[in-house]
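Geometric and topological summary
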Amino acid sequence: MKRNILVVFLLLLNLALCGQKTITLQAGVSLSKLNWYNSMSDGLGYEETLTGFNAALGIEYPDREYFFFSTKLGFIQKGGKDHVKVINNSENETGTMKVITRLNYIILNTTANFKYPFKGVIIPYIFIGPQLGYLISYWENVSSIQQFDNYGLVEKIRFGMIAGGGIKTKINKWEFGTVLTYDYGFFKLVDSTLGWGDNKMTDNAFTLNLQIGYNL
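Heads up: these notes are all about the structure in this document. Because the structure is predicted, anything quoted here is derived from the model rather than measured.

Let's talk about the environment of F206
Within the secondary structure layout, F206 lies in strand β12 (residues 205-215). What makes F206 partly exposed here is its relative accessible area of 43%. Separated by 174 residues in sequence, F206 and S32 have C-alpha atoms that sit 6.4 Å apart. The contacts of F206, once residues within four sequence positions are left out, are V29, S30, L31, T181 and Y182.

Encoded structure:
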């Protein structure tokens, strides 16, 4: 499956060299939860939403009346946060501590976009397509990811898909718009039974971006 996804990326990237093209730049916020299931605690960790940053440089091609492809290379920050109880040696609760994990990914995606222009100026559209990501770094104030990374149990290559919608307007050769995207991973960030129960982590996210484009 992973090989097939890579082949699709290469074929669609080759299409970007042909036809009319629009160069795009988008940036905005990402909203994510690092869902962590542990069979010993029988629950999900990181219940609170983490706000991060994402940005991407892309190309749209070819520009048909109701359809176009889009390929983007970018960065997204995901993860999660929570407040956990602090227990002393007497097993008494002494307060709470904020737990934060931030995951930094480089991403490459290609989407099929379906649009319906109004008078050629206002253009709403929806899209779906595969995405490839690579975990370049992470930061955390407790060793949640690190305890698995020490044993090579963190899946740093991420295969998934994105879907969403947007709206843009054209002014001469320029385009301006907003984009809402859901980022879903096919495989888990962690899927392990190493000594302390069955652990499964996922790191899906929403992004809300502003986008600017220029028609070549």
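Digging into the pattern of salt bridges
The tally for this structure, following the rule as stated, stands at 10 salt bridges. The shortest N-O distance in the salt bridge between K78 and D183 comes to 3.7 Å. In this pair, K78 sits in strand β5 (residues 67-87) while D183 sits in strand β9 (residues 174-185), placing the two residues 105 residues apart along the sequence. For D183, a relative accessible area of 3% puts it in the buried group. Between D183 and R158 there is a salt bridge; the shortest N-O distance is 2.6 Å. Of this pair, D183 sits in strand β9 while R158 sits in strand β8 (residues 157-171), and the two are 25 residues apart along the sequence. Here the two residues D183 and R158 agree in accessibility, since each one is buried. Connected through shared salt-bridge partners, E60, K168, K170 and E175 make up one network.

Parameters at a glance
- Residues numbered from 1 in each chain as written.
- Predicted model: local features only at pLDDT ≥ 70, side-chain atom pairs only at ≥ 80, totals over all residues.
- Heavy atoms only, no water.
- Helix = DSSP H or I, 4+ residues; strand = E, 2+ residues; numbered from the N terminus.
- Buried < 20%, exposed > 50% of the residue type's maximum accessible area, 1.4 Å probe, protein only.
- Contact = heavy atoms within 4.5 Å.
- Salt bridge = Lys/Arg side-chain N within 4 Å of Asp/Glu carboxyl O.

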